[in-house]
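Summary of the model geometry
Residues per chain are reported as follows:
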Amino acid sequence: MTAVLPRERLIVSIARLLEGVRHVAVGASSPIPAAGAMLLRALAERQGKPRVRISILGSREHNFFTNGSAELFDCAGQGRIDAFFLGGGQIDGEANINLVGTGDYPQTPVRWPGSFGSSYLYFVVPRVILFREEHTPRVFVEKVDFVSAPGTSSDGVYRPGGPHALLTGLGVFSFNKAQKRFRLDSVHPGHTLSEIIAATGFAFDHEPEVPETADPDAATLALLRGRVLTELGETYPEFARQMTADIAGLDLKRAG
Amino acid sequence: MQTHRLEDLARMVPDGAKLALPVDYAGVSMAMTRLLIARGLRDLHVVCLPTGGMQPDMLIGAGCVATIETSAMTLGEAGGAPCFSRAVRAGAIQVMDATCPAVHAGFLAAQKGVPFATLRGMIGTDVLANRPDWKVIQNPFSEDPDPIVAIPAIRPDVTIFHCPMADRDGNVWIGRRRELASLAYASERTLVTVERIVETSLLADEVMAAGVLPALYVEAVAVAPKGAAPIGLWGEYPADMAEIGRYAREARTPEGFRAWLDGADRALEAVS
């Protein structure tokens, strides 16, 4: 069995969550989602499936847009973007996200950059994947202090999009829009259900025994460590360099 | 059109102006930042299309800004915007938190000369709840209840940005950075700094003409080589991440920000 890096598991998990999408957009400074999208594209090509388009914002090599920064939103509003990633300083049990700050608005003691396009994209992109590596009670709270974008909307509000899954450094959740609840689908190897319950500030559904997040097969891992890492290096050189070093470290550990 | 000096452009921005600025990757006229600060401008209403970085952060740090209307303030990989965060904590500025496509919609409405543009999403957010100037209306074309948000036109007094080149007629080459055109269409006056002036008309060649903002929308042009630095300029030079990182660290305190500004002024004098 080949050893797998925690970050490689996240990338593989993202590729699985993106299965079937035709056009995925990735925000700036998001190397792990970008790598997951690139892995999906490489897998689709290998399996002879339709071409996957990737738009990485702020990248010159992986960005088709010629109509300025409004084009992503126009494209999403027309239903031309199937998947997007959102994070959050806080994410709550109803999949509401907060990118603005903690405490009483507007004079928030902790102020984050702001909502960016989330208050719109969460409504119109069908498959939004919530991704936050840090899995702690300060991130996963009972209720967010500020709603940058709501997990669900009341009837009558135009809402073709919304949360599809939540991926963290500890596990993978799916989201049930009718019940407004997350369900833990798998726990990453090396972690436990009780650890996740302790690290999560909201209640969520789960089976008594939650399966482990499956490791990639050898061919997928080879694709990730070869082609995908090379492609990633064009946009995120520092991240790709670090991952290459970590992979070399894994081999050393096994050899020693 | 005559080319101006940077100081002339800075004088065209009055106290209390509604000043529109572009996102970092579109072309920020960092060369104008220190001159605006040196003028001691007060009570600016800064609008970022659609997010702001080091330039509005410096204007906030220098006390020039009363209100900032933006979808985010960030130094990108260098982290949060230090002067902005400090001003929010102190309650020293009014923040009109937005979301990117809503800012674009406000500029689009101004471009068309109509009072508002409508946009999906946002219903149920605290962004909308804190923007009394945005109204939820019923879609007049729907028989069923269909709420949609109306965003009023954003009409800035002044826009400032930086581009690779302009010609002698005042036509400016914006390439595919179309948000610069949105800024100019919506604004009363547009002030542009460029890396260089070219001697042939940018409209002479159809390939170049496709990326031209015509002089019709441009009030004044000034030459500022490396005018976006330390932020990068598309097709010209990358961002100086070390310098942006240094700003992010030093501007964490008001004293550090002042010291950084003084150091930057000295560096400017040394090259001029």
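Our subject in this report is the structure included herewith. All values reported here derive from a predicted model rather than from experimental measurement.

All right, on to the overall build of chain A then. Scanning chain A from terminus to terminus reveals seven helices and 12 strands. The globule rule puts the C-alpha radius of gyration for 256 residues at 18 Å, and the 18 Å found for chain A is close to it. If one aligns the C-alpha atoms of chain A with their principal axes, the spans along those axes are about 55 × 50 × 35 Å. Relative to its 256 residues, chain A shows a buried fraction of 55%. The long-range share in chain A, meaning contacts at least 24 apart out of those at least 6 apart in sequence, stands at 67%. A total accessible area of about 11,100 Å² is found for chain A, and carbon and sulfur atoms account for 53% of it.

Quick look at the environment of Ala92 of chain B now. One can find Ala92 of chain B in the loop between helix H4 (82-90) and strand S4 (94-97). Among the residues examined, Ala92 of chain B registers a relative accessible area of 56% and is labelled exposed.

All names here are of chain B. Going through the model one piece at a time under the given rule, you end up with 11 aromatic pairs over all chains. Between Tyr247 and Phe257, the ring centres sit 6.3 Å apart and the planes meet at 80°, which makes this aromatic pair edge-to-face. Of this pair, Tyr247 sits in helix H9 (residues 241-250) while Phe257 sits in helix H10 (residues 254-271); the two residues are 10 residues apart in sequence, bridging distant segments of the chain. By relative accessible area, which is 1% here, Phe257 ends up buried.

This part covers the interface of chain B and chain A. Between chain B and chain A, the residue contacts involve 39 residues of the former and 38 residues of the latter. A combined buried area of about 2,900 Å² lies between chain B and chain A, and 58% of that area is made up of carbon and sulfur atoms. Its largest share of buried area at the contact with chain A, chain B owes to Asp97, Arg120 and Arg176 of chain B, together 19% of the area lost on that side. Counting across the chain B and chain A interface gives one salt bridge. Here Asp97 of chain B makes a salt bridge to Arg111 of chain A, at a shortest N to O gap of 2.8 Å. Counting every contact that joins chain B to chain A gives 13 residue pairs in polar contact (both at pLDDT 80 or more). Only H4, S4, helix H5 (100-112), helix H6 (126-129) and helix H7 (178-186) of chain B provide two or more residues apiece to the side of chain B that touches chain A. Of all the elements, H4 of chain B adds the most residues to the side of chain B that touches chain A, at five residues. Among the residues making up the side of chain B that touches chain A, the classes are represented as 17 nonpolar, 12 polar and 10 charged.

Turning to the packing of H5 of chain B against H7 of chain B, a few remarks are in order. Residues and elements named next belong to chain B. Where H5 contacts H7, the axes come no closer than 8 Å and their chain directions differ by 50°. On the basis of their axis angle, the class for H5 and H7 is oblique. Judged by the sense of rotation from one axis to the other, the crossing of H5 with H7 is left-handed. Note on element contacts: H7 touches H5 through Glu179, Ser182, Leu183, Tyr185 and Ala186, opposite His104, Phe107, Ala110 and Gln111. The residue makeup of the contact of H5 with H7, split by class, is five nonpolar, three polar and one charged.

Moving on to the pattern of salt bridges. Opposite charge on two side chains allows them to pair when their charged atoms are near. Residues and elements named next belong to chain A. The final tally for this structure, using the stated rule, is 27 salt bridges over all chains. For Asp215, the salt bridge goes to Arg9, with nearest N and O atoms at 2.8 Å. In this pair, Asp215 is assigned in the loop between helix H5 (193-199) and helix H6 (218-235) and Arg9 in helix H1 (residues 6-17), connecting sequence segments 206 residues apart. Residue Asp215 is classed as partly exposed on the basis of its relative accessible area, which comes to 27%. With its nearest N and O atoms 2.6 Å apart, the salt bridge here joins Arg241 to Glu238. Placement of both Arg241 and Glu238 in helix H7 (residues 237-255) is noted, with a separation of three residues, approximately one turn of the helix. We classify Glu238 as partly exposed; its relative accessible area is 49%. A single salt-bridge network, built from bridges that share partners, covers Arg41, Glu45, Arg227 and Glu231.

Basis of the calculations
- Residues numbered from 1 in each chain as written.
- Chains lettered and ligands numbered in written order.
- Predicted model: local features only at pLDDT ≥ 70, side-chain atom pairs only at ≥ 80, totals over all residues.
- Heavy atoms only, no water.
- Helix = DSSP H or I, 4+ residues; strand = E, 2+ residues; numbered from the N terminus.
- Rg over C-alpha atoms; globule rule 2.2 N^0.38 Å.
- Buried < 20%, exposed > 50% of the residue type's maximum accessible area, 1.4 Å probe, protein only.
- Contact = heavy atoms within 4.5 Å.
- Areas by Shrake-Rupley, 256 points an atom, 1.4 Å probe, with all protein chains shown as cover.
- Phe/Tyr/Trp six-rings, centres within 6.5 Å; stacked < 30°, edge-to-face > 60°.
- Buried area = accessible area lost by both parts, 1.4 Å probe.
- Salt bridge = Lys/Arg side-chain N within 4 Å of Asp/Glu carboxyl O.
- Polar contact = N/O pair within 3.5 Å; in protein donor to acceptor, adjacent residues only side chain to side chain.
- Nonpolar A, V, L, I, M, F, W, Y, C, P; charged D, E, K, R; others polar.
- Axes fitted to C-alpha atoms, helices over the stretch in contact; angles between N-to-C directions.
- Parallel < 35°, antiparallel > 145°, perpendicular 65-115°, else oblique.
- Left-handed = near helix turned anticlockwise from the far one by under 90°.

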